[in-house]
Amino acid sequence: MTAEHYIQEKDRLSQAMNGQDRLMEAVGDITKTLGRYNLDGMPETAFDVMRFTLETIHLGKLNLEEFLP
């Protein structure tokens, strides 16, 4: 990632989260969690864990009963 791309992403995410303070607070919380599980030194595994977590959250919101016979 280039510095320009980093700044663009920071601006985009800050806007989506209603402020840079909220974004940086989220970054701090996630950084602590990654460190707690020693994932901060394993970027590929950290990415996979984050993706799995998001998928788990979204599956938990899915009403599977509507698809069952």
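On a predicted model such as this, the values are computed, not experimentally measured, just so you know.

Reading the values: the criteria
Residues numbered from 1 in each chain as written. Predicted model: local features only at pLDDT ≥ 70, side-chain atom pairs only at ≥ 80, totals over all residues. Heavy atoms only, no water. Patch = residues over 30% accessible without salt bridge, like charges linked within 9 Å, V, L, I, M, F, W, Y side chains within 5 Å. Areas by Shrake-Rupley, 256 points an atom, 1.4 Å probe, with all protein chains shown as cover. Salt bridge = Lys/Arg side-chain N within 4 Å of Asp/Glu carboxyl O. Helix = DSSP H or I, 4+ residues; strand = E, 2+ residues; numbered from the N terminus. Buried < 20%, exposed > 50% of the residue type's maximum accessible area, 1.4 Å probe, protein only.

What to know about a nonpolar patch on the surface
Point 1. A grouping of Met1, Tyr6, Ile7, Met24 and Val27 is seen on the molecular surface, where their side chains present a nonpolar patch of about 510 Å² in accessible area.
Point 2. Put simply, the parts of the chain that give the nonpolar patch at least two residues each are α1 (3-16) and α2 (20-36).
Point 3. With respect to the element layout, Met24 can be found in helix α2.

Brief notes about the environment of Pro43
Point 1. Tracing the sequence through the fold places Pro43 in helix α3 (residues 43-61).
Point 2. On the accessibility criterion, Pro43 (62% relative accessible area) is exposed.
Point 3. Taking the C-alpha atoms as reference points, Pro43 and Gln15, 28 residues apart in sequence, are found 25 Å from one another.

Section: the pattern of salt bridges
Pairing between side chains of opposite charge can happen when the charged atoms of each approach one another.
Point 1. Inspection of every chain in the model, using the stated rule, returns three salt bridges.
Point 2. Arg51 is paired through a salt bridge with Asp48; the nearest N and O atoms lie 3.5 Å apart. Of the two residues, Arg51 and Asp48 both sit in helix α3, three residues apart, roughly one turn of that helix.
Point 3. We classify Asp48 as partly exposed; its relative accessible area is 37%.
Point 4. Ionic pairing is found between Glu55 and Arg51, a salt bridge with its closest N-O pair at 3.9 Å.

Function-wise, these values are silent; they only describe arrangement.
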